[in-house]
Each structure stands twice: as C-alpha cells, then as structure tokens.
2 protein chains.
Amino acid sequence: MFSGTQFSLYPMTADFVPAILRGIAALDAYAGRIRRETDDLSTLLVGPPELVVRAMRDAFVATAGSGGHVVLAGTLSRGCPGESDDPICSAIPIRPPDPGEDLVAAALARHAPAPRAGLAVAAQISLYPLGTEAHMARIGACIDFLKAAGVFDRSKNFCTKLKGDASDVFAAIERCYLDFAPANAHVVLTITVSAGSPTKG
Amino acid sequence: MFSGTQFSLYPMTADFVPAILRGIAALDAYAGRIRRETDDLSTLLVGPPELVVRAMRDAFVATAGSGGHVVLAGTLSRGCPGESDDPICSAIPIRPPDPGEDLVAAALARHAPAPRAGLAVAAQISLYPLGTEAHMARIGACIDFLKAAGVFDRSKNFCTKLKGDASDVFAAIERCYLDFAPANAHVVLTITVSAGSPTKG
C-alpha cells in the first residue's frame with residue numbers, strides 16, 4: 001500500500017517564506033515515520049494515512065497559529081495502483097469496518113480529536129473513492145458522518161464545507177479518509193483549510 | 001449534465017484582497033455563459049467545461065500577471081450524478097472521440113492554446129475518472145498527451161507536474177479534462193498553478 005499527500009501552505013503575506021518554513025519545521029516531529037520532499041509547488045508526505053493527516057494539521061497550525069490569513073490545500077491519496085508498495089505506509093494498518101458494521105457509527109466511534117488547537121478554521125473537502133461504481137454511496141455516508149461529528153457547515157457544489165477548531169476538523173478529515181472505503185481501496189481526499197480570512201463564511 | 005469548479009486564488013502578499021478581486025473581475029467577460037458565486041473559501045463557476053477552464057486561466061493571469069507569487073488551486077468536476085442537470089453547462093456540448101479513435105491523438109488534434117499570456121507557470125494536475133474500473137488507463141493516456149503537448153515537466157507521486165506559458169498549460173488542462181473520459185462520465189480534475197515562486201522547480 002502507498003499513502004501520502006501533496007500539500008501546500010499559502011500564507012497571504014509578503015513574509016510567506018518564513019511562515020511556510022515554520023509549517024515545514026513542524027513536520028520534523030514525524031521524522032522516521034513519514035518521508036517528505038518539498039519543491040516549488042508542494043510538500044510530499046509518504047506514510048501511514050492517519051499520521052499524514054496529523055502532520056498536515058501540525059504544519060497548518062504552526063504556520064497559521066500566529067495570525068494572518070493562511071490556507072492549506074492538499075490532496076491525500078491511498079491505495080493508488082500506480083504507486084509501489086512502501087512499508088513506511090503500512091506501519092499503522094488501516095482497520096476495515098467489521099462486516100455489516102454501520103460506516104457512520106464506526107467512524108463516530110473512532111473520532112477522537114486531539115486537544116483543542118485554539119485556531120478556528122473553515123474548510124472544504126471532497127472524497128473520491130476510485131475504481132468503484134459505489135462511489136456516490138460512500139460519499140453520502142461520509143457526509144452523514146460529518147454532520148454527526150459536529151463540524152458540518154453546509155453543502156456546496158462539488159464539496160462539503162466544514163467549520164470548527166483545527167483539531168476537530170482535522171480529526172474528522174482523518175475519519176473521512178480512513179473509514180469510508182475498504183482498507184486496500186484507491187481513495188483520494190482533497191482538502192482546503194483556511195484561517196484568518198477577512199471574508200465572512 | 002452539471003459542470004463547474006471550485007477554485008481559489010492565493011496571492012502571497014498582504015494586499016491579497018485587491019489582487020483576488022482583480023482575478024474575480026476578469027470573470028465578468030463570461031457573464032451570462034458562466035454562473036458564479038464566491039465565499040470565504042473559493043469561487044464556484046458553473047458552465048460548459050471548456051469555458052470554465054478558460055475563465056480560470058483569465059482569472060489567474062489577471063491576478064498573477066502583475067508579479068509576485070500567486071497560486072491558483074481548484075477542482076474541476078463534470079457529470080457528477082449528485083448534482084442536478086443545468087442547461088448552462090451543456091451550451092457547448094462535449095465532443096466524444098469517434099469510436100476507435102486514439103485518445104491521445106484526438107486530444108492533440110484539438111489542443112489549441114490561446115495567444116501566449118507572457119506568464120511562465122508551474123503546475124500540477126491529477127485526473128480522477130470516477131465510477132469506472134478503467135480509471136488508471138485513462139490517467140495513463142492523459143499523461144501521454146501531456147508529454148506530447150510539450151507542457152510535461154515530470155511525474156510526481158499523485159500528480160503530474162507541468163510547465164510553460166499560462167496559455168499553453170491551461171489549454172492542455174482543458175484537453176485533459178474533456179478528452180479522456182466519455183461525454184457523460186463523472187470526471188474530476190484537480191489543478192494547482194503557480195507563478196512567481198522564489199523556489200526553483
């Protein structure tokens with residue numbers, strides 16, 4: 001299994017370079033568990049799906065926590081058949097739901113946000129279960145989970161808008177990514193997370 | 001058929017509001033042909049797939065053309081079975097390839113960049129043909145087209161990196177979005193387009 005993300009931090013300030021580097025530095029806490037590589041467009045993280053989401057959260061909070069308008073945009077991917085298996089990605093196995101288990105109830109039972117980050121965010125996400133004709137049903141269950149988890153803001157065309165503390169929103173994103181497709185499925189999740197926008201949501 | 005995008009402009013400057021509004025104003029040229037709506041996270045465009053890509057190009061060039069580091073990130077979607085049909089989206093029909101036609105050759109024959117924008121960009125894109133088990137073959141053909149079209153930079157995990165003048169890159173994106181899945185298929189294409197990064201690619 002291969003799993004990871006390409007994600008970017010966009011601090012809307014002329015001092016964007018140190019702000020981005022602050023986010024990247026937060027990834028050092030995952031050294032040895034996540035492989036990473038940064039170029040002019042994005043940072044690649046390769047590792048277990050749930051750790052990758054947490055690393056993105058920590059990078060975003062490190063960049064956005066000191067104020068200003070900052071956006072994280074990223075694409076998470078697991079199980080892509082075009083990528084080679086990598087043992088680092090399977091260090092924490094994905095737990096598939098028990099046969100017959102309700103997907104929304106299972107995700108809610110596993111939903112465990114970290115302590116509050118103290119950073120209010122707006123976000124929008126889209127889940128893409130690939131290689132299956134059942135993708136719309138899985139997307140629908142995922143949206144039901146977001147409503148039950150308390151981070152749902154509203155439905156938009158092509159995506160679902162979320163709001164809440166950064167810890168709650170990223171914890172919900174983690175469940176969306178892990179719990180609505182089989183362990184070995186090809187799943188993509190796109191996320192946009194914003195703090196400090198001068199525009200009202 | 002429903003088609004559109006949620007996209008955002010990220011100018012890395014404290015004066016990001018007027019820079020974003022300059023991009024939004026460029027969309028006025030599509031009034032009546034594209035419906036739009038902006039909130040704190042993104043701008044929704046609803047309209048024919050090829051016009052939507054061109055509108056994103058014009059918005060990006062309007063914001064980024066005067067210098068500085070600017071990124072556009074967006075998700076294009078057509079044929080989503082969860083969205084209602086909208087006649088505005090079908091005003092320019094998608095032309096499916098002729099039976100037996102080579103997808104790469106057909107895309108190359110239709111590839112017609114606008115006059116050069118005079119703006120060098122780096123980009124990365126990912127094509128997601130949904131609701132089909134044939135998605136990897138379509139993605140592979142799309143990458144072959146990008147190589148033949150002269151905008152391919154390199155393969156990255158989860159995406160393909162492009163480079164060139166903004167007109168060439170957006171014209172290639174338009175073909176990727178239109179030509180590698182049937183006219184009525186559910187297709188998602190994510191794009192990140194960057195100008196003025198201080199980091200070398």
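Cut-offs applied
- Residues numbered from 1 in each chain as written.
- Chains lettered and ligands numbered in written order.
- Predicted model: local features only at pLDDT ≥ 70, side-chain atom pairs only at ≥ 80, totals over all residues.
- Helix = DSSP H or I, 4+ residues; strand = E, 2+ residues; numbered from the N terminus.
- Rg over C-alpha atoms; globule rule 2.2 N^0.38 Å.
- Buried ≥ 20, exposed ≤ 12 C-beta atoms within 10 Å, placed from the backbone.
- Contact = placed C-beta atoms within 7 Å.
- Nonpolar A, V, L, I, M, F, W, Y, C, P; charged D, E, K, R; others polar.
- Least-squares fit on C-alpha atoms with pLDDT ≥ 70 in both.
- Pairing = 2+ DSSP bridges.
- Axes fitted to C-alpha atoms, helices over the stretch in contact; angles between N-to-C directions.
- Core = buried A, V, L, I, M, F, W, Y, C linked by C-beta atoms within 7 Å.
- Parallel < 35°, antiparallel > 145°, perpendicular 65-115°, else oblique.
- Left-handed = near helix turned anticlockwise from the far one by under 90°.
- pLDDT = per-residue confidence, 0-100.

1. Examining the overall build of chain A
Here is step 1: Regarding its fold elements, chain A presents five helices and eight strands.
Here is step 2: If you list the helices and strands of chain A from N to C, you get β-α-β-β-α-β-α-β-α-β-β-α-β.
Here is step 3: Its C-alpha atoms give chain A a radius of gyration of 16 Å, near enough to 17 Å, the size a compact globule of 201 residues would have.
Here is step 4: Structurally, chain A occupies a C-alpha span of about 50 × 35 × 30 Å along its principal axes.
Here is step 5: Taken across its 201 residues, chain A has 53% of its residues classed as buried.

2. A few points about the interface of chain B and chain A
Here is step 1: Taken together, the 47 residues of chain B in the interface contact 47 residues of chain A.
Here is step 2: Secondary-structure elements contributing two or more residues to the side of chain B that touches chain A are strand 1 (3-11), helix 1 (16-25), strand 4 (70-78), strand 5 (120-130), helix 4 (135-149), strand 7 (159-165) and strand 8 (186-195) of chain B.
Here is step 3: Partitioned by chemical class, the residues of the side of chain B that touches chain A number 20 nonpolar, 20 polar and seven charged.

3. Let's talk about the relation of the copies chain B and chain A
Here is step 1: For the pair chain B and chain A, the relating rotation is 180°, the translation along its axis is 0.0 Å, and the fit reaches an RMSD of 0.0 Å. In symmetry terms, the pair is related by a two-fold rotation axis.
Here is step 2: Both copies contact each other with a shared surface, as 100% of the interface residues of chain B are interface residues in chain A too.

4. A look at the sheet that holds strand 7 (residues 159-165) of chain A
All names here are of chain A.
Here is step 1: Across the sheet, eight strands lie side by side as 2-3-1-4-8-5-7-6; this open sheet has antiparallel pairing. Strands with a single pairing partner mark the edges of an open sheet, and in this sheet they are strand 2 (35-38) and strand 6 (152-156). Strand after strand, the sheet turns through a mean of 20° between neighbouring axes, direction not considered.
Here is step 2: Where strand 5 (residues 120-130) meets strand 7, six bridges bridge the pair, whose relative direction is antiparallel.

5. Observations regarding the nonpolar core
Here is step 1: Formed by 131 residues in total, the largest nonpolar core has its most connected members in Val 169 and Cys 176 of chain A together with Val 169 and Cys 176 of chain B.
Here is step 2: If we ignore the near neighbours within four places in the chain, the residues touching Val 169 of chain B are Val 121, Ala 123, Val 151, Leu 162, Gly 164 and Val 193 of chain B.

6. Topic: the sheet that holds strand 4 of chain B
Residues and elements named next belong to chain B.
Here is step 1: Pairing is antiparallel in the open sheet, where eight strands are placed in the order 2-3-1-4-8-5-7-6. The strands lining the two open edges of the sheet, one partner per strand, are strand 2 (35-38) and strand 6 (152-156). Averaged over all pairs of adjacent strands, the angle between strand axes in this sheet comes to 20°, irrespective of strand direction.
Here is step 2: Bridge count for strand 4 against strand 8 is nine bridges, and the pairing is antiparallel. Residue pairing for strand 8: Ser 77 is matched across the bridge by Val 188.

7. Topic: the packing of helix 3 (residues 103-110) of chain B against helix 4 of chain B
Residues and elements named next belong to chain B.
Here is step 1: Following both chains from N to C, one finds helix 3 and helix 4 inclined at 40°, their axes separated by 9 Å at the closest point. Put simply, helix 3 runs oblique to helix 4. As helix 3 runs across helix 4, the sense of the crossing is right-handed. On helix 4, the residues touching Leu 103, Val 104, Ala 107 and Leu 108 of helix 3 are Ala 141, Asp 144, Phe 145, Ala 148 and Ala 149.
Here is step 2: When its residues are assigned to classes, the contact of helix 3 with helix 4 shows eight nonpolar, no polar and one charged.

8. Quick notes on the confidence of the model for chain A
Here is step 1: Per-residue pLDDT for chain A averages 96, and the proportion of residues at 70 or more is 100%.
Here is step 2: Scored as a complex, the prediction yields pTM 0.97 and ipTM 0.96.

9. Remarks on the packing of helix 4 of chain B against helix 5 (residues 166-179) of chain B
Residue and element names in this part refer to chain B.
Here is step 1: It is at 10 Å that the axes of helix 4 and helix 5 come closest, and there the two elements cross at 155°. Taken together, the axis directions place helix 4 and helix 5 in an arrangement best described as roughly antiparallel. For helix 4 against helix 5, the interelement crossing comes out right-handed. When helix 4 is examined against helix 5, the residues Cys 142, Phe 145, Leu 146 and Ala 149 are found in contact with a partner set consisting of Ala 172, Arg 175 and Cys 176.
Here is step 2: Its residues placed into classes, the contact of helix 4 with helix 5 shows six nonpolar, no polar and one charged.

10. Details of the pairing of strand 4 (residues 70-78) of chain A
All names here are of chain A.
Here is step 1: Strand 4 sits mainly inside the fold: nine of its nine residues count as buried.
Here is step 2: Taking every second residue as pointing to the same face, both faces of strand 4 are buried, with Val 70, Leu 72, Gly 74, Leu 76 and Arg 78 on one and Val 71, Ala 73, Thr 75 and Ser 77 on the other.
Here is step 3: Relative to strand 4, strand 1 (residues 3-11) is paired through nine bridges, and the arrangement is antiparallel. Each bridged residue has a counterpart across the sheet, and for Leu 9 the counterpart in strand 4 is Leu 72.

11. What about the pairing of strand 7 of chain B?
Residues and elements named next belong to chain B.
Here is step 1: With five of seven residues buried, strand 7 lies mostly within the body of the structure.
Here is step 2: Note: strand 6 against strand 7, four bridges, orientation antiparallel. Bridge pairing in strand 7 places Lys 156 opposite Cys 159.
Here is step 3: Once strand 6 ends, the chain turns through two residues before running back antiparallel as strand 7, passing Phe 158 with a positive phi of about 75°.

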